[in-house]
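# Observations on chain architecture
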Amino acid sequence: MEITTINAEALAKAFLAGAKNLEAKKEWINELNVFPVPDGDTGTNMSMTIMSAAKEVAAMAEPDMKSLAKAISSGSLRGARGNSGVILSQLFRGFTKVIAEYDEIDVQVLSDAFEKAVETAYKAVMKPKEGTILTVAKGMAVRAVELSEEETTDLLAFCEEVIKEGDHVLSMTPDMLPVLKQAGVVDSGGQGLMQVMKGALDSLQGKEIDYSIEAPEKQPAAETGSTSYNIEAQAAQEIKFAYCTQFLIMLEKPISTRQETEFKEYLEGIGDSIVVVADDEIVKVHVHTNDPGLAMQRGLTYGSLTTIIIENMKLERDEKISALKEKEMQSETIEDVEKQLKGEEVPKEQEPPKEMGFISVSIGDGINEIFQGLGVDYIIEGGQTMNPSTEDMLNAIEKVNAKNIFILPNNKNIILAANQAASLVEDKKIIVIPTKTIPQGITALINYIPDSTPEENAERMSEELGTVKTGQVTYAVRDTVIDDKEIKQDDFMGIGDQGILSVGKELETTVLDMIEQLIDEDSAIVSIYYGEDAREDAANAIGEKITEAHPDVEVEVHYGGQPIYYYVISVE
């Protein structure tokens, strides 16, 4: 059987088949993770990411290529969990940018889409590491280009060869990352990607597949604050710049990163509420300013303008204030009136946004209380045991009524999802502090200074992360070898910022061994957060032994309530 083109319906089925195959293999993929810890893993994260998009695709009756591309891209983007899930969503994002422009896909289009997928995913990762899902994707893209240049036209033969190359590159990942070789596994993210590819090929080959996907659940509406205030005072305060100005620039040539930054800086000098989104052909511009002409004149230096919209916000605001007075609705905001005119549901009262807000990922009742005591507005529970999605981040952002919002991921596997969510928000300034552990999140909050600007706080909070060392104690779910340490199933493990610090059969001994490696001559404070499976008296006993061994170090013991990890230790 030879296939030279596929339409949107066939591609949708192939995508669903790939998603189902990944879902079926997720536990097997989880077992490939190097660290044998009992938490949310690569297979789970990738599966939940792709199933978020699969639900949208399955709900489409007769998709065309453009709508299918949007469903795959937006669904995976918002559902992305963990680093592997975010990278997978970026691969889909790049892939769909190409296919959206065609009614049918042939070998050349597919090859171009693979190239764009890899380019997009590499750009999304600040420090791409070879021997990962990125390397596997790149290997397949390179082979795809070779096949297209050989003028291959059979899509089935093309896909088979691309997958063969992907498997080969995957088998080589242990030679690229020593930690994989020592653990005796291939890269789990790369294996997840291959399962998507193989499931899609099964569909194209006409194999019998169950394409049914559960319908997506509706997201609950965000809650809002409740307080009344003088709307006229709000109007006078908010309308600093009169004209809401929007336009598109049709680029004469692609705009560079430096030019885009300079353009944004110029707009900041003449207004606020600035959004500049650029691709190779078009720049979308939004700015509130008192002189729209200046913004458009600068835009003309990059290309021609189209879709120009200029609205006098002061005039509109005055009209709506009059409408409020007539309806005796002085407790409602101007935004509420606009929603009413559109037939949207409006909360009865709203507080004006505050300057700063905080969102933190957390992992236990005790740690939740600590974060709340440090001023966190919204806590996303999940952390290591279940990585929050980009959608979870967006929902949290919507619920925090602030102009500037700091996000503390508190886990290295959540930072990409937080950054992805930040890139999708236009009405608030989102600042992701790259906290990799709970203690780093606590340190960042302690170093926040209310009188400083968001930028100054972001710099200070990020710099202080280097002053804290973290240790976490859990148990092994399987036998393995890591950092030259032989680990048996059910052994206790002390995990530091850079790897395994201690392994043992006794919990207290393992904890003390780990802490001894974290403490040095500069250490001043050791904080012990004991989890839901640890006892308070045992935690206090560990604290007393540390005090005896290091009398100059202050030791604090707190209830954390975290699952999976018996102890989380902070050394500063």
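The rules behind the values
Residues numbered from 1 in each chain as written. Predicted model: local features only at pLDDT ≥ 70, side-chain atom pairs only at ≥ 80, totals over all residues. Heavy atoms only, no water. Pairing = 2+ DSSP bridges. Helix = DSSP H or I, 4+ residues; strand = E, 2+ residues; numbered from the N terminus. Axes fitted to C-alpha atoms, helices over the stretch in contact; angles between N-to-C directions. Contact = heavy atoms within 4.5 Å. Patch = residues over 30% accessible without salt bridge, like charges linked within 9 Å, V, L, I, M, F, W, Y side chains within 5 Å. Areas by Shrake-Rupley, 256 points an atom, 1.4 Å probe, with all protein chains shown as cover. Salt bridge = Lys/Arg side-chain N within 4 Å of Asp/Glu carboxyl O. Lys, Arg positive; Asp, Glu negative; His and termini not counted. Charge placed at Lys NZ, Arg CZ, Asp CG, Glu CD. Core = buried A, V, L, I, M, F, W, Y, C linked by side-chain atoms within 4.5 Å. Buried < 20%, exposed > 50% of the residue type's maximum accessible area, 1.4 Å probe, protein only. Expected span 1.5 Å × (residues − 1). Phe/Tyr/Trp six-rings, centres within 6.5 Å; stacked < 30°, edge-to-face > 60°. Parallel < 35°, antiparallel > 145°, perpendicular 65-115°, else oblique. Left-handed = near helix turned anticlockwise from the far one by under 90°. Nonpolar A, V, L, I, M, F, W, Y, C, P; charged D, E, K, R; others polar.

### Looking at the sheet that holds strand β16 (residues 525-530)
Strand order in the open sheet formed by six strands is β15-β14-β11-β18-β16-β17, and the pairing between neighbours is mixed. With one partner strand each, in any of the chains shown, β15 (500-504) and β17 (554-559) form the two edges of the open sheet. Shown here is a sheet whose adjacent strand axes are inclined to one another by a mean of 15°, direction ignored. Direction of pairing for strand β14 (residues 492-495) relative to β15: antiparallel, over a ladder of four bridges.

### Quick look at the sheet that holds strand β7 (residues 354-362)
Taking strand neighbours across the sheet as the criterion, the four strands line up as β8-β7-β9-β10 in an open arrangement whose pairing is parallel. Sheet topology places β8 (378-381) and β10 (429-432) at the edges, where each strand pairs with a single neighbour. In this sheet, adjacent strand axes meet at a mean angle of 20° when their direction is disregarded. Each of β7, β9 (402-408) and β10 is contacted by helix α19 (residues 454-464), which is oriented at about 10° to β9, the strand it contacts most.

### A look at a negative patch on the surface
Together, Asp365, Glu369, Glu381, Glu532 and Asp533 make up a negatively charged patch on the protein surface. As for its position among the elements, Glu369 is in helix α15 (residues 365-373).

### Quick look at the nonpolar core
Within the largest apolar cluster, 75 residues are counted, with the highest numbers of intra-cluster contacts made by Ile50, Phe114 and Phe158. If near-sequence neighbours (up to four positions away) are discounted, Phe158 is found in contact with Val107, Leu110, Ser111, Phe114, Ala144, Leu147 and Thr152.

### Examining helix α2 (residues 42-58)
The terminal C-alpha atoms of α2 lie 24 Å apart, and with 17 residues this matches the ideal 24 Å at 1.5 Å per residue to within 8%. Of all 17 residues that make up α2, twelve are buried, and the element is covered over most of its length. When we look at burial in α2, the residues that qualify are Thr42, Gly43, Thr44, Asn45, Met46, Ser47, Thr49, Ile50, Met51, Ala53, Ala54 and Val57. On its buried side, α2 packs onto α1 (8-30), α3 (65-79), α4 (82-99), α6 (133-149) and α9 (188-204).

### Looking at the packing of aromatic side chains
Inspection of every chain in the model, using the stated rule, returns ten aromatic pairs. Plain terms: the ring middles of Phe492 and Tyr566 are 5.5 Å apart, the flat faces sit at 75° to each other, and that makes the pair edge-to-face. Placement of Phe492 in strand β14 and of Tyr566 in the loop between β17 and β18 (567-571) is noted, with a sequence separation of 74 residues between them. Tyr566 shares its class with Phe492; the two are buried.

### Observations concerning the packing of helix α20 (residues 507-518) against helix α21 (residues 536-549)
Close contact between α20 and α21 brings their axes to 11 Å; oriented N to C, the two are set at 40°. With respect to their mutual orientation, α20 and α21 come out oblique. Where α20 crosses over α21, the two elements pack in a sense that is right-handed. Residues Glu508, Val511, Leu512, Ile515 and Glu516 of α20 form the contact with α21, whose own contacting residues are Ala541, Ile542, Lys545, Ile546 and Ala549.

### Here we look at unusual backbone geometry
Although it is not a glycine, Asn410 adopts a positive phi angle of roughly 60°. By secondary structure assignment, the location of Asn410 is in the loop between β9 and α17 (415-423). When its relative accessible area of 6% is taken as the criterion, Asn410 is described as buried. The backbone of Ile564 sits at a positive phi, close to 70°, despite the residue not being glycine. You can see Ile564 is positioned in the loop between β17 and β18.

### Overview of the pairing of β14
Along β14, one buried face is formed by Phe492 and Gly494 and the opposite face, lined by Met493 and Ile495, is buried too. What sits between the antiparallel neighbours β14 and β15 is a turn of four residues, in which Gly499 has the positive phi angle 155°.

### What to know about the packing of α1 against α2
Between α1 and α2, whose axes approach to 8 Å, the crossing angle comes to 160°. Relative to α2, the element α1 lies roughly antiparallel. Once α1 is placed against α2, the crossing between them reads as left-handed. Contact residues: α1 offers Ala12, Phe15, Leu16, Gly18, Ala19, Leu22, Glu23, Lys26, Ile29 and Asn30, while α2 offers Thr42, Gly43, Thr44, Met46, Ser47, Ile50, Met51, Ala53, Ala54, Val57 and Ala58. Tallied by class, residues from the contact of α1 with α2 come to 13 nonpolar, six polar and two charged.

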